[in-house]
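Chain by chain, the residues run as shown.
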Amino acid sequence: MAAIHGKDTKPEMVVRRYLWGHGFRYRLNHRRLPGKPDIVMRKYRTCIFVNGCFWHGHEDCRYYTIPKTNTEFWTNKVRRNKERDVKVQHELASMGWHCITVWECELKPKVREKTLTSLAYTLNKIFLQDRTVKRYETPEEEPMMAAEDVPKTYGNKQT
């Protein structure tokens with residue numbers, strides 16, 4: 001397992017190239033955020049996790065199978081990874097961050113374009129929802145006076 005690296009994986013590079021090519025700017029593995037997300041987009045307050053189907057236990061995925069040897073170890077390891085993923089996403093959500101998970105199987109050549117287009121659409125939607133103008137509220141106005149109650153003025157004289 002020492003040969004397995006968690007950074008700059010092929011699926012992660014696919015997502016990063018797409019985002020950069022479409023004008024999205026990001027930071028990698030931000031240390032101050034819980035779980036050190038793979039891609040951090042401050043402008044969108046969004047963290048993107050690019051997960052391997054085997055290592056993170058993607059349910060109902062053909063790429064997630066428990067090995068035939070040492071099954072208890074692998075079952076516990078994947079279960080702990082899944083629990084940690086949920087905990088990290090809850091922490092980020094409580095801090096006001098959006099979390100997006102992109103699975104390795106969603107980046108296979110047949111469905112890659114659809115997945116990446118959907119990711120860009122989701123980021124734009126998050127950006128627009130977060131930027132809606134909610135700050136400006138009309139203050140309550142005083143009741144209008146009837147036309148007869150309004151004094152008529154011409155210059156400095158009242159009539």
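Coordinates for the structure precede this section.
Residues numbered from 1 in each chain as written. Predicted model: local features only at pLDDT ≥ 70, side-chain atom pairs only at ≥ 80, totals over all residues. Heavy atoms only, no water.

When helices and strands are counted, the chain shows 3 helices and 6 strands. In the chain, the order of α-helices and β-strands from amino to carboxyl end is α-β-β-β-α-β-α-β-β. Looking at the 159 residues of the chain, the share that counts as buried comes to 31%. Sequence-distant contacts, at least 24 apart, represent 57% of the contacts inside the chain between residues at least 6 apart. As displayed, the chain offers around 12100 Å² of accessible surface, 52% of which is attributable to carbon and sulfur atoms. (Helix = DSSP H or I, 4+ residues; strand = E, 2+ residues; numbered from the N terminus. Buried < 20%, exposed > 50% of the residue type's maximum accessible area, 1.4 Å probe, protein only. Contact = heavy atoms within 4.5 Å. Areas by Shrake-Rupley, 256 points an atom, 1.4 Å probe, with all protein chains shown as cover.)

The next subject is the pattern of salt bridges. Think of it this way: side chains of opposite charge can pair up when their charged atoms draw near. Counted under the stated rule, the structure contains 4 salt bridges. Residue Glu83 is joined to Arg79 by a salt bridge in which the shortest nitrogen-to-oxygen separation is 3.3 Å. One end of the pair, Glu83, and the other, Arg79, are both in helix α2 (residues 71-94), 4 residues apart, so they sit about a helical turn from each other. Residue Glu83 is classed as partly exposed on the basis of its relative accessible area of 46%. Taking relative accessible area as the criterion, Arg79 reaches 40% and is therefore assigned partly exposed. (Salt bridge = Lys/Arg side-chain N within 4 Å of Asp/Glu carboxyl O.)

Before going further, it helps to spend a moment on the environment of Ile66. The residue Ile66 is located in the loop between β3 (46-51) and α2 in this model. With relative accessibility at 26%, the residue Ile66 sits in the partly exposed group. In the structure, Ile66 is positioned 12 residues away from Val78 in sequence and 9.1 Å away in space, judged by C-alpha atoms. Each residue touching Ile66, except ones within four places of it in the same chain, is listed here: Thr71, Trp74 and Thr75.

Here helix α3 (residues 112-130) contains 19 residues, and its C-alpha end-to-end distance of 27 Å stays within 8% of the 27 Å for a straight helix at 1.5 Å per residue. Those residues of α3 not exposed but buried are Thr115, Leu116, Leu119, Ala120, Leu123 and Ile126. End-on, the buried residues of α3 take up no more than an arc of 135°, which puts them together on one face. Within α3, the exposed residues directed more than 90 degrees away from the buried face are Glu113, Lys114, Tyr121 and Leu128. On its buried face, α3 is in contact with α1 (10-21), β2 (39-41), β3 and β4 (98-103). (Expected span 1.5 Å × (residues − 1). Arc of directions from axis to C-beta.)

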